[in-house]
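Chain by chain, the residues run as shown.
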Amino acid sequence: MSVQQSKASSVDVIVAGAGFSGLYLLHRFRKMGVSARCFERGDGVGGTWYWNRYPGARCDVESMQYSFGFDDDLQQEWDWPEKFSAQPDIMAYANHVADRFDLKRDIDFETEVKAAHFDEAARQWRITTSTGETVTAKFFVMAGGCISTAQIPKFEGLSDYKGKTYHTGKWPHEAVSFAGMRVAVIGTGSSGIQAIPVIAKEAAHLTVFQRQANFTIPSRNHKMTDDYAQSWKAEYPAKRQEMRYMPNGVLRELNDKSALEVSEEERLATYEARWEMGGSGFLGAFNDILTNKEANDTMAEFVRNKIRATVKDPVTAEILCPTTHPIGTKRLCVDTGYYETYNRDNVELVDISETPISRLTETGLEVGDRAFEFDAIVFATGFDAMTGTLFNVDIRGRGGNALKDKWYAGPRTYLGLMSEGFPNLFMITGPGSPSVKSNMITSIEQHVELVTDTIQHMRDSGLDLIEPDKAAEDEWVDHVQVVAYKTLFPQANSWYMGANIPGKPRLFMPYIAGVGSYRRTCEQIVADGYKGFRFEAPTALAAE
Ligand code: NAP
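A.B. asks: How do you make sense of the sheet that holds strand E12 (residues 347-351) when you look at a structure like this?
C.D. replies: Paired through backbone hydrogen bonds, the strands of a sheet run either parallel or antiparallel to each other. Pairing in this open sheet of five strands is parallel, and the strands run E7-E16-E8-E9-E12 from one edge to the other. The strands lining the two open edges of the sheet, one partner per strand, are strand E7 (164-167) and E12. The sheet shows a mean angle of 20° between the axes of neighbouring strands, direction not considered. Bridge analysis of E7 against strand E16 (residues 376-379) gives four bridges, and the strand direction is parallel. Each bridged residue has a counterpart across the sheet, and for His167 the counterpart in E16 is Phe379.

Rendered as structure tokens:
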């Protein structure tokens, strides 16, 4: 407490969140001589990787690429134990970065930003925290992550259930044992698909409740080899630069052929090779998988046939075969032994696509006229993504207008970075930027560098206020949708579309034109004198 009290109540910048975005922001601000304070609701750094400690949690972007590229000594010295790192290893990395650059002293842990109000007369943000502190700053940066507000559906009887409950995105810090227990997992997205094989090995019995089946590809994860790590380290700066202009911010082999222009033999051989390679690079097998339904169908059927070949019980196999959306239009999952798990005697799959969970009871739950009893229920039911964390803070801009009200029909941003009416408020990987449709660390680095360079530009030019033009923002909002509707993405009831939260506006939230194309657009906007942004110099009142 005494540490917190000694911290400044007025700084240049306030940052919400100490995940990878918050850490890199603090590092850049420190180097620029800009005073910053960061508030973090957890008691440690790491963001997503701090909260998602569920069994099997692992990143599905390979670690040589899912890591910071801004400091060559850091990337040369850090060693990853596996190709796709598990949550504890990514947490260790986040802590290493925080300690290496001495960032923790600027972070108030277990402190949430509750409100952020823009004071128009003083031209500064007034931030109120969960500890009751009020801090002012010229700039406010929301760095709370895109997938950080866990959601449990409002099942009838939710509070009646007396057994243990867990949400994958809010997993306890102490060890959880399912040994000897009857366990339910509700949800088969990326989190459920990673947790299910691990829980199945420990629990006495596991029942999985599946609403829509999802596509998942084996990760083929393995221990990192020295040769592979060295192949990256020897050329890291050049490879990082290439990643920054790749469609997903990931260096991978893309095939610039249509799935429909090759023979069936070549098509199947290509899918087979990528299936054997493992990981989400599977989607790069052909160039039209996400834009042409007929091409997409060939890939989807290939995966369904893999499911049928893996899962011994044909009824279970058919339930696991996804049919509700084109492959890749919901986040493609990456697993370790997922489909094989359904061959275990202690695992049952319950299809709730037609008859949903009717209620939770004291001892379990009911689906139609079938009652289940459980010692523990794991909710792998996802997040109020992209906007949920922003709306958890009472953000008010000019005229006291709430961000939530402005965005009632969906997020409105310029570049996913700022919103008109909210001067000097930046969002890291906000809606309308590539964000969740990319290697998050590549996109985080790009946004952090853009925000910090912009603040440096303002300091150099004697400017103290930046805000996007309404016309530029309106055009960007439309452009994000136009690009999305050229693809198959809007055909899925996905969280990208806000479809997982009842009442949430339906529109495609990330920017899908690609990391490289987005980066070039940002570079051009800056080169054109920050086209679409408006700056102001300090007024006499604000300067007092
Ligand atoms: P998710 O993809 O939103 O999946 C939630 C699951 O819960 C879905 O299967 C959904 O069914 C089900 N569900 C939601 N409400 C339900 C209800 N009322 N009744 C029954 N089922 C319900 O969430 P997630 O798995 O936590 O993943 C979220 C995102 O986090 C991922 O897409 C990915 O971007 C990221 N993530 C990444 C990794 C990784 O890098 N390996 C791991 C985990 C998460 P429906 O499909 O029918 O809606």
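A.B. asks: I tried to follow the environment of Asp108 on my own but got confused; where do I start?
C.D. replies: For Asp108, the location among the structural elements is in strand E3 (residues 107-108). C-alpha of Asp108 to C-alpha of Cys38: the two residues are 70 residues apart in sequence and 6.2 Å apart in space. Looking at Asp108, its side chain comes within polar contact range of the side chain of Arg37, at 2.7 Å.

A.B. asks: In this structure, what is going on with the sheet that holds strand E14 (residues 364-367)? I would like to understand it.
C.D. replies: One open sheet holds the three strands; their spatial order is E13-E14-E15, and the pairing between them is antiparallel. Two strands in the sheet have a free side with no partner beyond their single neighbour: strand E13 (357-360) and strand E15 (370-373). Direction aside, the axes of adjacent strands within the sheet are offset by 20° on average.

A.B. asks: I keep staring at the packing of aromatic side chains and nothing clicks. Help me out?
C.D. replies: Geometrically, a pair of aromatic rings is defined through the distance of the ring centres and the angle of the planes. The final tally for this structure, using the stated rule, is 43 aromatic pairs. Ring geometry for Trp275 against Phe282: centres 6.1 Å apart, planes inclined by 75°, an arrangement best described as edge-to-face. Exposure remark for Trp275: the relative accessible area of 8% places this residue in the buried category. Here Arg41 stacks its cationic end above the ring of Trp51, 4.4 Å away from the centre of that ring. Geometry around Tyr50 places Arg53 over its ring, the cationic atom sitting 4.8 Å from the centre.

A.B. asks: Teacher, can you tell me more about the domain arrangement of the chain here?
C.D. replies: Much of the literature gives interface size as the accessible area that the parts lose upon coming together. When its domains are assigned, the chain resolves into domain 1 (3-149 + 385-536) and domain 2 (158-242 + 295-379). One C-alpha centre belongs to domain 1, the other to domain 2; they are set 29 Å apart. A buried area of about 3,200 Å², summed over both sides, lies between domain 1 and domain 2, and 52% of it is on carbon and sulfur atoms. Asp79 is the partner of Lys233 in a salt bridge, and the nearest nitrogen-oxygen pair spans 2.8 Å. In this assembly, domain 1 and domain 2 are joined by 18 residue pairs in polar contact (both at pLDDT 80 or more). Looking at the side of domain 1 that touches domain 2, the elements with two or more residues in it are helix H3 (48-51) and helix H4 (72-77).

A.B. asks: I'm lost on the nonpolar core in this one. Help?
C.D. replies: Soluble globular proteins tend to bury their nonpolar side chains together. Counting 81 residues, the largest nonpolar core has Val13, Phe20, Phe29, Tyr66, Leu415, Phe426 and Phe533 as its most contacted members. If one sorts the elements of this core by residue count, helix H15 (residues 440-461) sits on top with eight residues. When residues are assigned to domains, this core turns out to be shared by domain 1 (3-149 + 385-536) and domain 2 (158-242 + 295-379), each giving three or more. Filtering out sequence-adjacent residues up to four positions away, Phe426 remains in contact with Phe139, Phe140, Val141, Met142, Leu417, Met418, Val451, Thr454, Ile455 and Ile466. Grouped together as the second largest cluster of nonpolar side chains are 49 residues, Tyr54, Ala57, Ala195 and Ala380 included.

How each quantity is defined
Residues numbered from 1 in each chain as written. Predicted model: local features only at pLDDT ≥ 70, side-chain atom pairs only at ≥ 80, totals over all residues. Heavy atoms only, no water. Pairing = 2+ DSSP bridges. Helix = DSSP H or I, 4+ residues; strand = E, 2+ residues; numbered from the N terminus. Axes fitted to C-alpha atoms, helices over the stretch in contact; angles between N-to-C directions. Polar contact = N/O pair within 3.5 Å; in protein donor to acceptor, adjacent residues only side chain to side chain. Phe/Tyr/Trp six-rings, centres within 6.5 Å; stacked < 30°, edge-to-face > 60°. Buried < 20%, exposed > 50% of the residue type's maximum accessible area, 1.4 Å probe, protein only. Lys NZ or Arg CZ within 6 Å of the ring centre and 35° of its normal. Domains from an automatic or database assignment. Buried area = accessible area lost by both parts, 1.4 Å probe. Salt bridge = Lys/Arg side-chain N within 4 Å of Asp/Glu carboxyl O. Core = buried A, V, L, I, M, F, W, Y, C linked by side-chain atoms within 4.5 Å. Contact = heavy atoms within 4.5 Å.

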